[in-house]
Structure formats: structure tokens, C-alpha cells
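Spelled out from the first residue to the last, the chains are:
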Amino acid sequence: MTRKTRRKIIARWQIYLLLLLPLIYIIIFAYIPMGGLVLAFKKYNVAQGIWGSPWVGFDNFEKFFGSYKFPLIMRNTLTISLYSLAVSFPIPIIFALLLNTMGGKRYKKMIQTITYLPHFISTVVLVGLVFQLLNNRSGIYGSLYTLFTGSTAPNILSEGPLFKHIYVWSGVWQSTGYNAIIYIAALSGVDQSLHEAAEIDGASRFQRLLHIDIPSILPTASIMLILAVGGIMNVGFEKVLLMQNDLNLNYSEVVSTYVYKIGLASGITDFSLSTAIGMFNSVVNFVLLIIANWGSKKLSGNGIF
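Keep in mind the model is a prediction, meaning the values are calculated, not measured. (Residues numbered from 1 in each chain as written. Predicted model: local features only at pLDDT ≥ 70, side-chain atom pairs only at ≥ 80, totals over all residues. Heavy atoms only, no water.)

What is the right way to read the overall build of the protein chain from this model?
What the protein chain contains, in helices and strands, is 17 helices and zero strands. Over its C-alpha atoms the protein chain spans a radius of gyration of 25 Å, topping by over 25% the 19 Å that the globule rule assigns to 305 residues. In the protein chain, which comprises 305 residues, the share counted as buried stands at 34%. Expressed as a percentage of contacts within the protein chain between residues at least 6 apart in sequence, the contacts between residues at least 24 apart total 61%. Roughly 18,700 Å² of accessible area belongs to the protein chain as shown, and the carbon and sulfur atoms make up 68% of that amount. (Helix = DSSP H or I, 4+ residues; strand = E, 2+ residues; numbered from the N terminus. Rg over C-alpha atoms; globule rule 2.2 N^0.38 Å. Buried < 20%, exposed > 50% of the residue type's maximum accessible area, 1.4 Å probe, protein only. Contact = heavy atoms within 4.5 Å. Areas by Shrake-Rupley, 256 points an atom, 1.4 Å probe, with all protein chains shown as cover.)

Can you walk me through the UniProt feature "transmembrane region" (unreviewed entry) in the protein chain in this structure?
UniProt records the feature "transmembrane region" (unreviewed entry) at residues 12-32, 80-102, 114-134, 217-237 and 271-292, using the numbering of this structure. Each end of residues 217-237 is marked by a C-alpha atom, and these two atoms are 30 Å apart; helix forms 71% of the span and strand 0%. (UniProt positions renumbered as here; feature names shortened; annotations may be inferred.)

When you look at the packing of helix α16 (residues 255-265) against helix α17 (residues 271-299) in this model, what are you seeing that I'm missing?
When two helices pack together, their arrangement is given by the angle between the helix axes and by the axis-to-axis distance. Where α16 contacts α17, the two axes come as close as 8 Å, and the packing angle between them is 160 degrees. In terms of axis orientation, α16 runs roughly antiparallel to α17. Both α16 and α17 take part in a crossing whose hand is left-handed. Touching Val 255, Tyr 258, Val 259, Ile 262, Gly 263 and Leu 264 of α16 are Phe 271, Leu 273, Ser 274, Ile 277, Gly 278 and Asn 281, all from α17. Partitioned by chemical class, the residues of the contact of α16 with α17 number eight nonpolar, four polar and no charged. (Axes fitted to C-alpha atoms, helices over the stretch in contact; angles between N-to-C directions. Parallel < 35°, antiparallel > 145°, perpendicular 65-115°, else oblique. Left-handed = near helix turned anticlockwise from the far one by under 90°. Nonpolar A, V, L, I, M, F, W, Y, C, P; charged D, E, K, R; others polar.)

Is there a simple way to think about a positive patch on the surface in this case?
Among the surface-exposed residues, Arg 3, Lys 4, Arg 6, Arg 7, Lys 8 and Arg 12 lie close enough to one another that they form a single positively charged patch. Structurally, Lys 8 is set in helix α1 (residues 3-11). Of the residues examined, Lys 8 reaches a relative accessible area of 43% and is grouped as partly exposed. (Patch = residues over 30% accessible without salt bridge, like charges linked within 9 Å, V, L, I, M, F, W, Y side chains within 5 Å. Salt bridge = Lys/Arg side-chain N within 4 Å of Asp/Glu carboxyl O. Lys, Arg positive; Asp, Glu negative; His and termini not counted. Charge placed at Lys NZ, Arg CZ, Asp CG, Glu CD.)

How should I be thinking about the packing of helix α6 (residues 90-101) against helix α11 (residues 181-188) in this particular structure?
Relative orientation of the contacting elements α6 and α11 amounts to 40 degrees, with a least axis distance of 8 Å. Considering their axes alone, α6 and α11 lie oblique with respect to each other. The chirality of how α6 crosses α11 is right-handed. Listed contacts from α11 to Pro 92, Ile 93, Ala 96, Leu 97, Leu 99 and Asn 100 of α6 are Tyr 183, Ile 184 and Leu 187. The residue makeup of the contact of α6 with α11, split by class, is eight nonpolar, one polar and no charged.

How should the nonpolar core be read in this particular structure?
Considering soluble globular proteins, one finds that nonpolar side chains tend to be buried as a cluster. In this structure, Phe 64 and Ile 93 are the most contacted members of the largest nonpolar core, which totals 33 residues. Going through the elements one at a time, α4 (59-65), α5 (69-88), α6, α11, α13 (205-230), α16 and α17 are the ones with two or more residues in this core. A total of six residues in this core trace back to one element, the largest contributor, which is α17. Every residue in contact with Phe 64, bar those within four places of it in the chain, is listed here: Phe 70, Ile 73, Tyr 258, Leu 273, Ile 277 and Phe 280. Ile 156, Leu 157, Val 172 and Val 235 belong to the second-largest nonpolar core, a separate cluster that totals 19 residues. (Core = buried A, V, L, I, M, F, W, Y, C linked by side-chain atoms within 4.5 Å.)

Help me understand the environment of Leu 218 in this model?
Here Leu 218 shows up in helix α13. Residue Leu 218 is classed as partly exposed on the basis of its relative accessible area, which comes to 48%. For the pair Leu 218 and Lys 105, spaced 113 residues apart in sequence, the C-alpha separation works out to 24 Å.

Which parts of the structure should I look at to understand the side chain of Asp 270?
Positionally, Asp 270 belongs in the loop between α16 and α17. Among the polar contacts listed, one links the side chain of Asp 270 to the backbone nitrogen of Leu 273, at a separation of 3.1 Å. Leave out the neighbours within four places in its chain, and Asp 270 touches Lys 63, Ile 262 and Gly 263. (Polar contact = N/O pair within 3.5 Å; in protein donor to acceptor, adjacent residues only side chain to side chain.)

Whenever I open this one, the pattern of salt bridges confuses me. Can you help?
Between side chains of opposite charge, a pair can form as their charged atoms come close. With the rule as written, the count across this model stands at three salt bridges. Across the pair Lys 63 and Asp 270 runs a salt bridge whose closest N-O atoms are separated by 3.4 Å. Highlighted residues: Lys 63 in helix α4 and Asp 270 in the loop between α16 and α17, separated in sequence by 207 residues. When the shortest N-O distance is used, the salt bridge between Glu 253 and Lys 261 registers 3.2 Å. Classification of Glu 253 as buried rests on a relative accessible area of 3%.

What is the right way to read the packing of aromatic side chains from this model?
Here the distance between the centres and the angle between the planes together describe a pair of aromatic rings. For the structure on display, the rule yields 17 aromatic pairs. When the ring of Phe 58 is compared with that of Phe 61, the centres are 5.9 Å apart and the planes differ by 50 degrees; the resulting orientation is tilted. By relative accessible area, which is 56% here, Phe 58 ends up exposed. Using a relative accessible area of 11% as the deciding quantity, one classes Phe 61 as buried. (Phe/Tyr/Trp six-rings, centres within 6.5 Å; stacked < 30°, edge-to-face > 60°.)

Following this line, the structure appears as C-alpha cells:
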């Protein structure tokens, strides 16, 4: 550390003191636990501990890749993730653009508040609402079906192929308003003189949206897309687990729930195998993040690093 840098730190010691707490938090809860990844290459034994357990190399990875559940889990994870990305990513952008075109500030604020409130509903409550609404006997879905057809509605919560649709669209309802905030903020920073000049030149509202609003949020959208692609293997664990049942398990079992069941929820408690699966999941996300960042920088010149 140079003398000049040391002087700057001393002069701004309050800022570095504030930075110290989150830095300690990250070190304790993010970096130190990474030492446990060594379990992926060992056959863990409680009596011998992490470092005393015997090395098995890539046996745990081979066990997972050779499992009959591997193609099923990967198919479900990628299907739900890609479906969610294709739907959940553009909808907040479209919503922000439409909200930005509204004239009345009062109505804009009211709509924005109403739409981002569902974000603060806990996952457990959200799943409970989904079950209540889609109940085939007492829910709104079941009541309307019986009203119009005179018969009991089919139980769509137990139909595996419909699991991904319920999961994704309930997520869209919950997150659209909150995810749109960052795009609304980007649109609020657009120089209004550009709109005034375009309006004087005879540009319609749609043309101004196409040539001013959309280009102004493209850098933000590209960063958000990179982050979304980097987490494509991380399907929401709590929500999937709460929505699972024996009838939709073949369509709802994803990497995160399988890791939980192998490591904690089953009688197997194979910590080494669950660590290997989690490590594989993280490596895939990291590779996708690098590829998405590289592609974004090539196409738009924007990236996170």
C-alpha cells in the first residue's frame, strides 16, 4: 500500500469503517463456506470430519451424471428456467414502457404501487394463495368451472405438465411491478428535450418509444439479462418445494430441491453427493454468465465486467 493510498484511507476512515461490516459478513458467509466444496471430492464421514474423510475424486459427479434422475432433473430445471426467462424478462420492460407513456402522474404512481406490492408477499403465502385460487372444489377456478359446466373441475395442481405454467405465471404476477422499477428509473433519466425535438419533427408516440425510450433502457436491460442468464440453473427452491406433490414430482424436481433432499431431507444424507451437485450447478451458472457477458459486449458493448 502506497503512502498516498494510506493517506486517503485515513482521511475517509468513516467510510471504510462502514464498509467493514458488510465485508466481514461476505467473508464469513460467502468465502469461508467455500472451503466446504472439498466435500464434493470426498466420501464424507462424520466421525472423520471434512478433512479426514477419504478422497474419491470425481466419483460423486459420476454418480450424479450416471443417475437415472439426471436427465429428468436437468430437463425440468432448464425447461422451467428458460420458460421463466422468456416470460419474466420482457414483461417488466413492456410494463415500464407502457407506464411511462401514461400522462397522469397520480394514476402512474397508483398503478406502480399496486403492481409492486405482491413482491413483498412471502413465498409460503404466495403458494397458499395459488392453492386457494386454483382449488378444484372451493377455489375461484373450481367455482367458476362448476358454475359454467355443472361438473367438478379437474385438479390442475396435481397435473404435472401444468406445473411449469402455474410456477412461471404466478411468479410474473408477483415480480413484474418490482422488476419494472429499475427500467422506470432508467426511463425517468431520459432527456425530455429528445422527446420534444422528436415531437416537433412529427414523430408519433410509438416512434418516440421505439427510437428514444427503448434505446435508453437497452444498457440496463442487457445487464439484467446477463444476471438472469447467470442464474438460469437457480430455480426458486422454496416455491418449487412447496408446490411439489407426488403427482407432479416428475415435472417439478429441479436441481435445488434434489440437492436438499439428498443432503438433508432423505434418510441418505449424502453430503458429498449433494455438495457435488450444488458445485456442478454453480459451475454451469458461472459458464453461462461468462458466455452471456461476452455475447452482450460483442452485440451491444455493455457488460458487467
